[in-house]
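# Fold and contact review
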Amino acid sequence: MSSPSPKDVRVRIAPSPTGTIHLGLARTTLFNWAYARHHGGKLILRIEDTDTDRSIPESEEQILEGLTWLGTQWDEGPGVGGPHEPYHQAQRVANHTLAADKLLEAGHAYRCFCSRERLNDLRTAMEAKKETPRYDRTCRDLERAESDARAAAGELFALRFRVQPGETVVNDLVRGKVTFQNADVDDWVMVRQGGNPTYNFVVVCDDADMQISHVFRGEEHLVNTPKQILLYQAMGLEAPEFGHLPLMLGKDGKKLSKRHGSVSLALFREAGYAKAATLNFLARQGWSLDGETEIFSMERFVEAFDICDVNKAGSIFDYEKFAWMSGEYVRLESLAELRENCTPFLIASGLLSAEQIAADPARLEGALALGQDRIRIYSEMPEQIAFLYSADDAVEYEEKAEANCRKHANRIQILKDYLAFLRPALEGGASAQDLRTAAKAWVGEQGLKFPQLFQPLRCALTGKAGGPDMFDIIAWLGTGSTIRRIELGIERLA
RNA sequence: GGCCCCGUCGUCUAGUCUGGCCUAGGACACCAGGUUUUCAUCCUGGCGACUGGGGUUCAAAUCCCCACGGGGUCACCA
């Protein structure tokens, strides 16, 4: 179990509104959320919109909607408010400016009058010499009076952090002690020319203001951490605890990104992965319950989750296993749940209209029951049950199904004979089980093998080579459709 | 290239902190059987890993060192 923190647990997620929810953000959110819930703490959502050029207006809306769908409800942030408003970074610039002034005053920051052009040249030159590009600290030792005068004269400047010699240790809850030499830390820009603060600066200001106790984020941020710790120290504040989550990787072992295909949470929703499976699978990225149990609820996850148990190594995202897990959850659903989850896909596919579904939900559930074991994601349901809803005279015969029938020379006679045998039973209201038993007995009496009857029968009724139990299908289709389809089969398979 | 992180089956992982119970367990995928009228589900079995090398120790996947491999990051992006 985690050592209980002396202060209240307050974790946060800080997405920038530059797109939709990436799988990485979803996992980071889930872990933060679980940690907060486990410790009775709070999850704060803060929108990192300092880069006005890259921010996309609809993006925030999509992020909020996506997180709401996931069910990782935040306790403070956009939509719910909280004691540390505003929760948009861009609206907190007054605080940032104040903090920047203090840092400048105290000598922890200095004005840099270097032009973008000079900086670019510098970087190119250093790269050419195969050195790590970094600021050469030209303005670091400018006299304060000169600096003030040039600023007063209207000269443009950025504000840089003055990194002092020494070393900085990150006590990472996932990775243990990580030590950085301050000599390797650049005098990074805190405030851009023009007054816009940068990420590394505002993230510290805001985390401090919002009394964030633990920062759990992707490993790509590990190298930023010394900068941030140094800043906390300069501001005379205690830094939060850090925990850097292992990266989620693509097939090639590199950080999951757009070029790997589906990395947007929305895409998986649209494809119809079960939500509970999505949560469950995300929880298994870099964490496991006990090494045995794959399927577990969020309640169990929250109960068992501890940041110390998170893996250090990155994990390749296994789409195949994700689909398997979705199937596991699909099979666990009640028919009412399945109907609700499949409805959008049935409508989108054009198989059924909302009106048709509303008119007879029980009938639909009967159809869904036939498909439940055969799909992994909801979007597969329409094609799975389409044959049930097709017009009797428009059942599409798959090539393989028809070929199976044509192997049996006497298929037509068998179908005719069986129809004659079936008709009275059907009209007498026999159950699926009765029909099944009777059919098997009939096949024996006729001296036939099962495929001789069942392959032509399946083709006539469904047009497919495989599928649900024949007699469940007959029961669902009803007497009229069943007879009609067999009659048509007798013609079409001749 | 500098700095930092990581390294158990093809993949996700248990085991590593607290060395022995590990001839390394589970899951996905794959293969083979079983069940079924068929497909799927389900059940059984199989395949399959401690990156390498040195130490320390009675004993190392577990501790130490080195090598190798992979990744992250080096912006007035976040």
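Everything quoted here is computed from the prediction, not taken from an experiment.

Calculation notes
Residues numbered from 1 in each chain as written. Chains lettered and ligands numbered in written order. Predicted model: local features only at pLDDT ≥ 70, side-chain atom pairs only at ≥ 80, totals over all residues. Heavy atoms only, no water. Helix = DSSP H or I, 4+ residues; strand = E, 2+ residues; numbered from the N terminus. Buried < 20%, exposed > 50% of the residue type's maximum accessible area, 1.4 Å probe, protein only. Contact = heavy atoms within 4.5 Å. Areas by Shrake-Rupley, 256 points an atom, 1.4 Å probe, with all protein chains shown as cover. Near = heavy atom within 4 Å. Polar contact = N/O pair within 3.5 Å; in protein donor to acceptor, adjacent residues only side chain to side chain. Disulfide = S-S within 2.5 Å. Phe/Tyr/Trp six-rings, centres within 6.5 Å; stacked < 30°, edge-to-face > 60°. Domains from an automatic or database assignment. Buried area = accessible area lost by both parts, 1.4 Å probe. Salt bridge = Lys/Arg side-chain N within 4 Å of Asp/Glu carboxyl O. pLDDT = per-residue confidence, 0-100. Pairing = 2+ DSSP bridges.

Right, let's get into the overall build of chain A. Tallying secondary structure elements over chain A gives 20 helices and eleven strands in all. Seen along its three principal axes, the alpha-carbon backbone of chain A occupies a region of about 105 × 50 × 40 Å. Scored against the burial criterion, the 494 residues of chain A give a buried share of 48%. In chain A, 76% of the contacts between residues at least 6 apart in sequence involve partners at least 24 apart. Accessible area for chain A stands at about 23,100 Å²; split by element, carbon and sulfur atoms hold 50% of it.

Further remarks concern the protein's contact with RNA strand B. Looking at RNA strand B, there are 65 residues lining it, with Arg192, Lys254, Asp373, Arg374 and Asp469 nearest. Sugar and phosphate atoms constitute 70% of the interface atoms of RNA strand B, taking the interface as everything within 4 Å of the protein. Here a sugar or linking oxygen of RNA strand B and a backbone polar atom of Pro133 are 3.5 Å apart. Backbone polar atom of Met470 to a base oxygen of RNA strand B: 2.9 Å apart, as the coordinates give it. For the surface near RNA strand B, the secondary-structure elements that each account for two or more residues are α4 (116–128), β4 (158–161), β6 (176–181), β11 (315–316), α11 (319–332) and α19 (450–462).

For the structure on display, the rule yields zero disulfides. With no disulfide of its own, Cys112 lies closest to Cys114 among cysteine sulfurs, the gap being 3.7 Å. Cysteine Cys459 is unpaired, with the sulfur of Cys405 as its nearest cysteine sulfur at 3.9 Å. Accessibility expressed as a relative area gives 0% for Cys459, which makes it buried.

Below, the discussion takes up the packing of aromatic side chains. For the structure on display, the rule yields 26 aromatic pairs. Where Phe268 meets Tyr319, the ring centres are 6.0 Å apart and the plane angle is 20 degrees; that geometry is what we call stacked. In this pair, Phe268 is assigned in helix α8 (residues 265–271) and Tyr319 in helix α11, connecting sequence segments 51 residues apart. According to the relative accessible area criterion, Phe268 is buried, its value standing at 4%. Between the aromatic rings of Phe281 and Phe317, the centroid separation amounts to 5.3 Å while the plane-to-plane angle is 90 degrees, which identifies the pairing as edge-to-face. Here Phe281, found in helix α9 (residues 275–283), pairs with Phe317, found in the loop between β11 and α11; they are 36 residues apart in sequence, far enough to count as distant. Given the relative accessible area of 3%, Phe281 is considered buried. Ring-pair connections join several aromatic residues into one group, and the members of that group are Phe268, Tyr273, Phe281, Phe317, Tyr319 and Phe322.

Looking now at the side chain of Glu60. The topology assignment puts Glu60 in helix α2 (residues 57–70). Sequence-distant contacts of Glu60, that is, excluding residues within four places in its chain, are made with Pro17, Ile47, Pro78 and His88.

Under the domain assignment used here, chain A contains domain 1 (258–332) and domain 2 (343–492). Taking only C-alpha atoms into account, the centre of domain 1 sits 36 Å from that of domain 2. Taken together, the contacts link 13 residues of domain 1 with eight residues of domain 2. Across the interface of domain 1 and domain 2, roughly 910 Å² is buried in total on both sides, 52% from carbon and sulfur atoms. Summed over the three residues of domain 1 that lose the most area to domain 2, namely Gly272, Val330 and Arg331, the buried surface amounts to 51% of that side. Where domain 1 meets domain 2, there are one salt bridge. One salt bridge in this structure joins Glu320 and Arg376, with 3.0 Å as the shortest N-O distance. Where domain 1 meets domain 2, there are seven residue pairs in polar contact (both at pLDDT 80 or more).

Quick look at helix α14 (residues 361–371) now. For an α-helix, the turn length of 3.6 residues means that residues three or four places apart are oriented alike. Buried within α14 we find Leu364, Glu365, Ala367, Leu368, Leu370 and Gly371. Looking at the buried positions of α14, the neighbouring elements they touch are α12 (335–349), α13 (354–359), α15 (381–389) and α20 (470–492).

The next subject is the confidence of the model for chain A. Here chain A shows a mean pLDDT of 94. Residues at 70 or above account for 99%. In this model residues 1–5 is a low-confidence stretch, pLDDT under 50, and it forms six contacts with partners more than four residues away in sequence or in other chains. Across the predicted assembly, pTM comes out at 0.94 and ipTM at 0.96.

What follows deals with the pattern of salt bridges. Counted according to the given criterion, the structure contains 31 salt bridges. Taking the shortest distance from any N to any O, the salt bridge between Arg485 and Asp392 comes out at 2.8 Å. Highlighted residues: Arg485 in helix α20 and Asp392 in the loop between α15 and α16 (399–406), separated in sequence by 93 residues. The partner of Glu402 in a salt bridge is Arg406, with the nearest N and O atoms 2.9 Å apart. Note that Glu402 and Arg406 are positioned in helix α16 at a spacing of four residues, about one turn of the helix. The partly exposed category is assigned to Arg406, whose relative accessible area is 35%. One network of salt bridges, with partners in common, ties together Arg12, Arg46, Glu48, Arg92, Asp206, Asp207 and Asp209.

The subject of this paragraph is the pairing of strand β3 (residues 109–112). The side-chain alternation of β3 yields two buried faces, one formed by Ala109 and Arg111 and the other by Tyr110 and Cys112. Here β3 pairs with β4 via four bridges, running antiparallel. For Tyr110, the partnering residue across the bridge sits in β4 and is Arg160.

Moving on, we come to the environment of Val9. Along the chain, the position of Val9 falls in the segment before β1 (10–13). Between the alpha carbons of Val9 and Gln211 there is a distance of 9.1 Å; along the sequence they are 202 residues apart. Residues contacting Val9, with those up to four places away along its chain left out, are Tyr35, Ala36, His39, Gly41, Lys42, Ser213 and His214.

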